[in-house]
Amino acid sequence: KRTLFFFFYTRHLKAYKGKLDMLLARGPSPLLPAMVSASPVPTALLLVGDYLKGIDDLPQPRWRKEAIRLWSYWNQWGQLCAARRGLTFVNSRVLYEELSSSVSNLHEIRTTTLTESDFFERQDTCQAGPPYKLLYVGRMDRAKGLLKMAEAVALLTQRGLDVVLDLVGWPEPGDPILGDLQEYARQQGIEDRIN
């Protein structure tokens, strides 16, 4: 919808001519190429991910994954064209290395809102001994790396560590990740270690 009917979103940008010095567009986004093209002021990009990286893990039929991949390549091309024309920020070393040869005004930044004073050391952390409790809180979405967490629990268990992973959050509609996690845990013999 946002790709085909982008003009419903970009038409509002005209009202900001003369009111803004710069537009910051966050991506990846289906609207990023169109917003940058329609912007009446210079643009800067903040790129925080890559649509192409998670396509193979989508719970979709193969034909749909390939359609999504094709669209993602097209969107990434538009995003790269926009990045070459202006100031671009990325929030990871991986994105920086991928884009550094083709985007001249590229800067790596950290987008966390945490400061050094937000961290503290506790003497009792992991001092009581096993089991070591790990906690994930957030959306139950394949793209969040939940299977990788389960793989880490299996690996740590194989190495003799007593680890338990608790997952707390809401399921993503249409994503069978919770069933996949249960099946993986069963196959690895760690059903009692992932809750």
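A few points on the structure.

About the criteria used
- Residues numbered from 1 in each chain as written.
- Predicted model: local features only at pLDDT ≥ 70, side-chain atom pairs only at ≥ 80, totals over all residues.
- Heavy atoms only, no water.
- Helix = DSSP H or I, 4+ residues; strand = E, 2+ residues; numbered from the N terminus.
- Buried < 20%, exposed > 50% of the residue type's maximum accessible area, 1.4 Å probe, protein only.
- Contact = heavy atoms within 4.5 Å.
- Expected span 1.5 Å × (residues − 1).
- Phe/Tyr/Trp six-rings, centres within 6.5 Å; stacked < 30°, edge-to-face > 60°.
- Core = buried A, V, L, I, M, F, W, Y, C linked by side-chain atoms within 4.5 Å.

What to know about the side chain of T43
Point 1. Inspection of the secondary structure assignment puts T43 in strand β2 (residues 43-47).
Point 2. On the basis of relative accessible area, T43 is assigned to the buried category, the value being 14%.
Point 3. Residues contacting T43, with those up to four places away along its chain left out, are M22, L23, V36, G86 and L87.

A closer look at helix α3 (residues 62-85)
Point 1. For α3, with 24 residues, the first-to-last C-alpha span of 35 Å sits near the 34 Å given by 1.5 Å per residue.
Point 2. For α3, every residue scored as buried is listed here: K65, R69, S72, N75, G78, Q79, A82 and A83.
Point 3. Looking at the buried residues of α3, the elements they touch are β1 (23-27), α2 (32-38), β2 and β3 (87-90).

Focus on the packing of aromatic side chains
Point 1. Applying the stated criterion across every chain yields a total of five aromatic pairs.
Point 2. Arranged with centres 6.2 Å apart and planes meeting at 40 degrees, the rings of F5 and F8 form a pair that is tilted.
Point 3. Here F5 falls in the partly exposed class, since its relative accessible area comes to 39%.
Point 4. The partly exposed category is assigned to F8, whose relative accessible area is 43%.
Point 5. With 4.8 Å between their ring centres and 40 degrees between their planes, F7 and F8 make a pair best called tilted.
Point 6. Note on F7: relative accessible area 40%, which makes it partly exposed.

Topic: the nonpolar core
Point 1. With 15 residues, the main nonpolar core has M140, L146, V153, L167, L181, I190 and I194 as its most contacted residues.
Point 2. Secondary structure elements with two or more residues in this core: α5 (146-158), β6 (163-168) and α6 (177-188).
Point 3. Dropping the residues within four chain positions of it, L146 is found in contact with Y136, M140, D141, L167, I177 and L181.
Point 4. Listed in part, the twelve residues of the second largest apolar core include L32, L47, A82 and L95.

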